[in-house]
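Structure at a glance
What follows is the residue order along each chain.
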Amino acid sequence: MKAQDLKNSILQLAIQGKLVEQKEEEGTAKELIETIKAEKDKLITEKKIKKEKALPEIAQDEIPFDIPENWEWVRFNDAVLFSTDYVANGSFASLRNNVKTYKEKNYALLVRTQDFSNGFSRNLTYVDKASYDFLQKSKLFGGELMLSNIGASIGKAFIIPKLDIPMTLAPNSIMVKCIDDVMTKFMRYIMLSFYGQKLLKDFTAGTAMPKFSKTQLRNCVLPIPPYEEQKRILAKIEEFKPYVEKYDVAYSEVENLNKKFPVDMQKSVLQYAIQGKLVEQREEEGSSQELYEQIQEEKKKLIEEGKVKKPKKLIEITDEEIPYDIPENWKWVRLGDIFEINPRNTLNDDTNVSFIPMTLIEDGYRSEFSFETRSWGKVKKGYTHFRDGDIVMAKITPCFQNLKSAIMINLENGMGAGTTELHVLRAYHNISLKFFLWFLKSPIFVSTCVSAMTGTAGQQRVGTDTITNYVVPLPPLEEQKRIVDKIEEVLPHCKQLVK
């Protein structure tokens, strides 16, 4: 339950007579309604408000829930002194011609729902004296209840603050005057409760531009408690407020944890995988030293055959470069020891190949991409080259941090080219490409590469030297495969947590 739902639930209990006990000595709501009627008749006699048509009796099927015996179901208009939306009814038609608005402080404040519904806005609207006089029937004095009656703001209700400045009501609002502050606050809570919100939404259902009228509002039925019980209900709501605020903070923290937890789980799985902690080691699978020697033999052979260029000799790995412990049968190597970095392709110009801009490489913990088809002659210059079996990874921020990387498979004629903002890793020998793709998506690889990025803000890149000399753990081949199987078994469960 969100904090707002908790607030609404408290208000719903309040308007159903379930938040505080009833006390016989506090009288009945009927007495309060009679007091309101007497005050209203007085205002009519003094010609301060107009006499209105009598409202129909409340039918049994209009009553949505039970209330205590000393409460009363009454129509909205019988619970208040008056309600008005004068601006929208009479003078609003010529509002543009007769009212000038200002952003700087002027004679009077034009009270709008968006400015006051969640405290004071810094972007208030003012009018001059001539405009204020034109809107004289909409004058506000502070303490009135204001309801928004149009569009997405329907359901907002707040009490006009008492300010040391003349005020007038903006269009698309209904102002409600109650007998006193206690009744005003209670009426506001009714309108903010689940029941009150449903009433307002039901008024406007099915319309292109939602709006309800003061006539609809005046006829809705509300539960009214005795006056003294209203005071105790208001006090109880105030008592609950600090606890609701604490709940709101705690709920937000839990929500953030829930959002963060699945991502942290995915990162942890990959971290365990590259540290040799996700599956057990098996003696019969040999050691990574044997695999490393096979890779070097194949690399030497490819160089001698002219299939790859002879790379620069890489320096020995120092103890200071080793970030964490790995199993005894694993070996630390540099990426440039086992991959050709950013190779080039050679083929006929009229051969169709796959063309992959950055937007066609999916991000996150997956290996997915799509491509366009172009002739090799159109893409061989000015683009990155790759082929089936290569790993490609974004090198520019934020694509790199967003894990835009994938294993190239099923390319057009097995070949492709794409954005220059990619690094390409082509294995010298048979290794698990999926294992190393997961390594490239691991948090430690991403974080260390980010710290080594160069370039201006928004255009930072992971350099070729960083990738070539990056120190990675090399497990035995069969263990690489088992690690990949375990990752692919566990990660979908993490995705379910995201949902």
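To be clear, the structure that these remarks concern was listed above.
In what follows, the accompanying structure is described. What you are looking at is a predicted structure, and each value in this text was computed from that prediction instead of being measured. (Residues numbered from 1 in each chain as written. Predicted model: local features only at pLDDT ≥ 70, side-chain atom pairs only at ≥ 80, totals over all residues. Heavy atoms only, no water.)

**So, the sheet that holds strand 14 (residues 352-356)**
Reading across the sheet, the four strands line up as 15-14-19-16 and stay open at both edges, with mixed pairing between neighbours. Because the sheet does not close on itself, it has two edges, and the strands there are strand 15 (372-375) and strand 16 (384-387). Direction aside, neighbouring strands of the sheet carry axes that sit 40° apart on average. (Pairing = 2+ DSSP bridges. Helix = DSSP H or I, 4+ residues; strand = E, 2+ residues; numbered from the N terminus. Axes fitted to C-alpha atoms, helices over the stretch in contact; angles between N-to-C directions.)

**Side note on the sheet that holds strand 5 (residues 125-127)**
One open sheet holds the five strands; their spatial order is 3-5-4-9-6, and the pairing between them is mixed. What marks the edges here is a single partner per strand, and that holds for strand 3 (101-102) and strand 6 (139-140). Inspection of the sheet shows strand 4 (residues 108-111) paired to strand 5 by three bridges, in the antiparallel sense. In the strand pairing of strand 5, leucine 110 is matched with threonine 125.

**Quick word on the packing of aromatic side chains**
The relative placement of two aromatic rings is captured by the distance of their centres and the angle of their planes. Scanning the model with the defined rule gives 13 aromatic pairs in all. Ring centres of tryptophan 73 and tyrosine 195 lie 6.1 Å apart, and the angle between their planes is 75°; on these two criteria the pair is classed as edge-to-face. Taken as a pair, tryptophan 73 in strand 1 (residues 72-75) and tyrosine 195 in helix 9 (residues 194-204) lie far apart in primary sequence, 122 residues in all. Overall, tryptophan 73 belongs to the buried group, its relative accessible area being 13%. Ring centres 5.1 Å apart and planes at 85° place the aromatic pair phenylalanine 435 and phenylalanine 436 in the edge-to-face group. Accessibility assignment for this pair places phenylalanine 435 and phenylalanine 436 in one class, buried. Through successive ring pairs, a cluster of aromatic residues spans Trp330, Phe339, Phe435 and Phe436. (Phe/Tyr/Trp six-rings, centres within 6.5 Å; stacked < 30°, edge-to-face > 60°. Buried < 20%, exposed > 50% of the residue type's maximum accessible area, 1.4 Å probe, protein only.)

**Quick notes on unusual backbone geometry**
A cis geometry characterises the amide bond from threonine 397 onward to proline 398, with omega recorded as 0°. Summarising the element assignment, proline 398 is placed in the loop between strand 17 (391-394) and strand 18 (405-407). A positive phi is found at asparagine 410, a non-glycine position, where the angle reads about 55°. Checked against the element boundaries, asparagine 410 lands in the loop between strand 18 and strand 19 (415-418). Taking the relative accessible area as the measure of exposure, asparagine 410 reaches 63% and is therefore exposed.

**Observations concerning the packing of helix 8 (residues 181-192) against helix 9**
One way to put it is that helix 8 packs onto helix 9 with a least axis distance of 4 Å and a crossing angle of 70°. One element, helix 8, and the other, helix 9, form an angle in the roughly perpendicular class. Contact residues: Ile190, Met191 and Leu192 in helix 8; Phe194, Gly196, Gln197 and Leu200 in helix 9. Here the contact of helix 8 with helix 9 is built from residues that sort into five nonpolar, two polar and no charged. (Parallel < 35°, antiparallel > 145°, perpendicular 65-115°, else oblique. Contact = heavy atoms within 4.5 Å. Nonpolar A, V, L, I, M, F, W, Y, C, P; charged D, E, K, R; others polar.)

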